[in-house]
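Structural characterization, general
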Amino acid sequence: MVRDSEVRISWGKEFQSLGAALEKALLINRENITHSMTPVRNIPLPLTAPSLWKLGSTEGMRREGCNCLVRAGSVQHSRVAHRAGNRSTLREHITGHMATRCCCLLVLLVTLGTCDGLHGRDLAHHGASMFADLTPREMHDVRDYLHGQPELGLTASQDKTLKKNSILLMELHLPRKHEALRALDRGQAKPTRQARVIVQFANQAEPNITEYIVSPLPVPTSYTRKTFKGDKPIKFESRPITMAEYSHINDILEKITAKAHNLLFESTGGFSFNNCTNRCLTFTDIAPRGLESGERRTWIMLQKFVEGYFIHPVGFEVLVNHKDLDPERWTVEKVWYNSQYFDTVEELVERYEKGTLKKVKLPDHDDEDLYSTYIPRGHSNMRTDIHGPKLVEPQGPRYHIDGNFVEYAGWSFAFRVRSSAGLQIFDLRFNGERIAYEVSLQEAIAFYSGDTPAAMQTKYIDAGWAMGTVDYELAPGIDCPEIATFRDLHHYYDTDKPVLFKNALCVFEMTTGMPLRRHFNSNFQGGYNFYGGLENHVLVVRTTSTVYNYDYIWDFLFYQNGVMESRVSATGYIHATFFTPNGLQYGSKVYNYVLGNLHTHLIHYKVDLDIAGRENSFESMNLKYVNFTNPWSHKYSIVQSKLVKTQHQKERSAAFRFDKKFPRYVHFYNPNEKNKWGHQRGYRIQYNSHANSVLPRGWREENGISWSRYQLAVTRHKDSESTSSSIYTQNDPWEPVVSFEDFIRNNENITNQDLVAWVTVGFLHVPHSEDIPNTATPGNSVGFFLRPFNFFDEDPSLASRSTVIVRPDTEGKPKVQRWTPEVIGHCVTDKPFFYNGTYPGV
Ligand SMILES: [Cu+2]
């Protein structure tokens, strides 16, 4: 181990000369410059525009009260920090000078040759608002405007009647890509902000669902009908279920369970749906709601209403037809009790009372049984109750967020959270160059198997449950590190006013605990020539979706070497059904009377790549054995692999079905741009997935998820093919409004075109006892990497100043070379743990 006294820090001469140049150019004193710069040695100048720009950032210093020690080489930093007493003062000290010199800096940067970068950065920053979700104010304005149009006849959505015209959902309507690019690349005017509004017209003879584009924001003056590809109509029965409809479902369940009160009371050991206090039943409705298009009949299962009720099914399932807009006309079509089917509740009750069916009696309910809860139990093997490691930013954040615009280590992007499907990234750039126009979540499904009717019917298609709107509050220190920046989100779904989701998105930089690169160069004589290493820091943008029982954690990660990762981690309660011996073909018994049902999770992403421009091509790479005479020993043969590249010219040849072997590499590149070594500049998509298809091609519900046929499909960008799924697929997967198969049917040319990669990832989940109480995230993360492949001339993380090199000097003592001040100390947060848990209307 290297002791303090043995460490010598080398300060960069180049840094000092840059400082002098800046000082001259800006006519400011040396102290201000040296405080604001990181020492640089052997690094080509100039600094990039974003890094200089960050010096003027005011966002960062939001946490006070931590006094971190900064060791030797950072004398100037630590001195100012200690004198000032906190880090904010240091940054403000710098900022004050920098702000007044901002214009001068711009001029200087132009002279340093980064004009384009800065210009581009400003346009990206300016353009990010095109992708920003609607503000509560805009939502109010759109609602008021539409409610003011008498011909629509809109009334409050919270009214319990189903026969009403009301707004179901409101969100940003994205601008067309070419219009957005004109603003992002050429500085032309940004397109008008617009809202997409879904209206249910139920107060009329022929009810329908219509989508509108309301424009312009913030003061709307018009609304026009929004159509889907092929102008497919939206079937009324395909609409999601609202709270109003759920209240009627609750009503009919009260009637059903009143009839079956005695049966339920006896079977469950004292639980009932009505008039209960601490022995209550609740329900889970599953989807799709029928067997063919136009139906709306749902299997509903009863569960004990205790903490973690998802894994307390009681063996009673009922099929309710709720298609009629008059709930008085809803009917029970089937009942399932202890593996027996009945046509009516009355038939079930009669046979139960007569004793002509197989009765079931659950084991006595034990209030002390912690089974489905988070309460710790068992012997703790941790020898102490002190806290584990925590993530700290000893000198403050290194990323910058302004609204929905994020910058970090050369990366920049805009984000939003779509109400239907969730997190989206736009205008993703590295060092000012666009890599992707959009990377976004499209759909998440879980298709189940089981022995009960609810289990065999469950095919969850979660955009239909508005999975973008269920991004509840994130807990600091658990869901995101304490140091994360939390952002609120607003959604307008099944409501009459915007709903605030506090701290629903977080951004943080973390260390992965793994070097990005390292090498120990042994001299093979007990010593070394040099050691070189670079810490791996990554920026994470995270939201979650709690889709009833399940929790998805959605991450986009940005690495310093130009790699971007998309990852989903699954946790929360399993969807479990009543145990029957037959059920063991479909999962594991996880409790006295509970089966964890097998299911496959599939997630679909849209990756609209723009690799150094819009015109891109796509190829796959495989290896093939070659066999030839050994040129240096003729009686032998050489067998080795050679690279075989396949250019995919048409959409259908670039659609890779799950039942076919997937290529080793899939590579997107700009055929018109080469790196220093003559290779076309490109990115590859690398999968981290264990997915497979969930139903045979063309089989009923499979038509709704035709994207899931393909691990990867590559299409030409079209504004009319903006999403691969819709909020309507869940309740009508048989004749979907959006069918991905339509995107590739015309088999267009994909050479030197604007390409979109559609990526399916996922995994099979066979629940097991350790899924109790919740599925855990380790091993349950899948996703993909966007990795540069000959895009740069060398690893772009070489620009990181966090590199450390150690070499023995002439006397053999370690000489440390570094470009950032060394830091020791600990600062987590000065805020106690806080969680609010509400999501109010605003
Ligand atoms: Cu699962």
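Residues numbered from 1 in each chain as written. Predicted model: local features only at pLDDT ≥ 70, side-chain atom pairs only at ≥ 80, totals over all residues. Heavy atoms only, no water.

A separate point is the nonpolar core. Ranked by internal contacts, the top residues of the largest apolar core, which has 154 residues, are Phe 316 and Leu 712. Not counting residues up to four positions away in its chain, the partners in contact with Phe 316 are Ile 256, Ala 260, Leu 263, Leu 264, Ile 300, Met 301, Leu 302, Val 335, Trp 336, Tyr 337 and Leu 348. Counting residues in each nonpolar core, the second largest holds 18 residues, with Tyr 145, Leu 152, Ala 195 and Val 214 among its members. (Core = buried A, V, L, I, M, F, W, Y, C linked by side-chain atoms within 4.5 Å. Buried < 20%, exposed > 50% of the residue type's maximum accessible area, 1.4 Å probe, protein only. Contact = heavy atoms within 4.5 Å.)

Looking now at unusual backbone geometry. For the bond running from Ser 215 to Pro 216, omega is -15°, close enough to zero to count as cis. Along the chain, the position of Pro 216 falls in the loop between strand S4 (208–215) and strand S5 (222–225). For the peptide bond that leads from Ala 287 to Pro 288, omega is 5°, which places it in the cis range. Counting through the fold element by element, Pro 288 comes out in the loop between strand S6 (281–285) and strand S7 (297–304). In this model, Asn 790 sits at a positive phi of 60°, which is unusual for a non-glycine residue. A residue is classified by how much of its surface remains accessible, and Asn 790, at 29% relative accessible area, is partly exposed. (Helix = DSSP H or I, 4+ residues; strand = E, 2+ residues; numbered from the N terminus.)

What follows covers the coordination of the copper ion. For a metal bound by four donors in tetrahedral geometry, the ideal donor-metal-donor angle is 109.5 degrees, whereas six donors in octahedral geometry ideally sit at 90 or 180 degrees. Here the copper ion is held by the protein donor atoms Tyr 550 (OH), His 599 (NE2), His 601 (NE2) and His 765 (ND1), which lie 1.8 to 2.0 Å from it. The site at the copper ion holds 4 donor atoms, and with the angles between them running 94 to 139°, its shape is irregular. In primary-sequence terms, the residues that donate to the copper ion follow Y-x48-H-x1-H-x163-H. One end of the pair, His 601, is in strand S25 (residues 599–609); the other, His 765, is in strand S32 (residues 755–765), and 164 residues separate them in sequence. Here the two residues His 601 and His 765 agree in accessibility, since each one is buried. (Donors = N, O, S within 2.8 Å, 3.2 Å for Na, K, Ca; no water. Tetrahedral: all angles 85-135°; square planar, octahedral: opposite > 155°, others 65-115°.)

Let us now look at the environment of Ile 209. Summarising the element assignment, Ile 209 is placed in strand S4. Along the primary structure Ile 209 and Ile 234 are separated by 25 residues, whereas in three dimensions their C-alpha atoms are 6.0 Å apart. Once residues lying within four places of it in the same chain are set aside, the contact partners of Ile 209 are Ile 198, Val 199, Gln 200, Ile 234, Lys 235, Phe 236, Arg 239 and Tyr 728.

This paragraph deals with the pairing of strand S17 (residues 485–493). Pairing between strand S2 (residues 165–173) and S17: 2 bridges, direction antiparallel. Paired with Met 170 across the two strands is Tyr 492, which belongs to S17. Relative to strand S18 (residues 499–522), S17 runs antiparallel, the two sharing 6 bridges. Bridging from a neighbouring strand, Thr 485 pairs with Val 507 of S18. From the end of S17 to the start of S18, which pair antiparallel, there are 5 residues, and Asp 494 there has a positive phi angle of about 55°. (Pairing = 2+ DSSP bridges.)

On to helix H12 (residues 345–354). Because each turn of an α-helix spans 3.6 residues, side chains separated by three or four positions end up pointing in the same direction. For H12, the complete set of buried residues consists of Val 345, Leu 348, Val 349 and Tyr 352. Taken around the axis of H12, the buried residues stretch over an arc of 95°, which confines them to a single face. Looking at the packing, one finds that the buried side of H12 touches helix H10 (243–259), helix H11 (261–268), strand S8 (313–321), strand S9 (331–337) and strand S10 (340–342). (Arc of directions from axis to C-beta.)

Below, the discussion takes up the sheet that holds S10. Pairing is antiparallel across the open sheet formed by 5 strands, whose spatial order is S6-S7-S8-S9-S10. Two strands bound the open sheet, and with one partner strand each, they are S6 and S10. Averaged over all pairs of adjacent strands, the angle between their axes in this sheet comes to 25°, without regard to strand direction. Pairing analysis gives 6 bridges linking S7 to S8, with the strands arranged antiparallel. Its bridge partner lying in S8, Trp 299 is registered against Leu 319. (Axes fitted to C-alpha atoms, helices over the stretch in contact; angles between N-to-C directions.)

Let us look at the pairing of strand S33 (residues 781–789). Note: strand S21 (residues 564–572) against S33, 6 bridges, orientation antiparallel. Opposite Ser 569, over in S33, you have Ser 781 as the bridge partner. In terms of strand pairing, strand S30 (residues 680–688) meets S33 through 7 bridges, oriented antiparallel. Paired with Gly 682 across the strands is Phe 789, a residue of S33.

Predicted coordinates in regions of low pLDDT should not be interpreted in detail. Taken over all residues, the pLDDT of the protein has a mean of 87, while the share at 70 or more is 85%. Counted against residues more than four places away or in other chains, residues 1–118, with its pLDDT under 50, gives 167 contacts. (pLDDT = per-residue confidence, 0-100.)

So, on to the environment of Ile 461. Within the secondary structure, Ile 461 sits in strand S16 (residues 459–461). Looking at Ile 461, the relative accessible area reads 1%, which means it is buried. It is 4.4 Å that separates the C-alpha atoms of Ile 461 and Ile 445, two residues lying 16 residues apart in sequence. Ile 461 has contacts with Glu 443, Ala 444, Ile 445, Phe 447, Ile 705, Thr 729, Gln 730 and Pro 733, leaving out every residue within four places of it along the chain.

One open sheet holds the 3 strands; their spatial order is S22-S24-S23, and the pairing between them is antiparallel. At either margin of the open sheet sits one strand with a lone partner, and together these are strand S22 (576–578) and strand S23 (587–591). Adjacent strand axes in the sheet meet at a mean angle of 40°, parallel and antiparallel pairs treated alike.

You can see Asn 321 is positioned in strand S8. A distance of 2.8 Å separates the side chain of Asn 321 from the side chain of Glu 333, its partner in a polar contact. (Polar contact = N/O pair within 3.5 Å; in protein donor to acceptor, adjacent residues only side chain to side chain.)

This part takes up the state of the cysteines. Counted under the stated rule, the structure contains 2 disulfides. Each disulfide pairs two cysteine sulfurs, and for Cys 276 the partner residue is Cys 280, the sulfurs being separated by 2.0 Å. As the torsion about the S-S bond is roughly 110°, the Cys 276-Cys 280 disulfide counts as right-handed. For Cys 276, a relative accessible area of 24% corresponds to the partly exposed category. With a sulfur-sulfur separation of 2.1 Å, Cys 480 is cross-linked through a disulfide to Cys 506. (Disulfide = S-S within 2.5 Å.)

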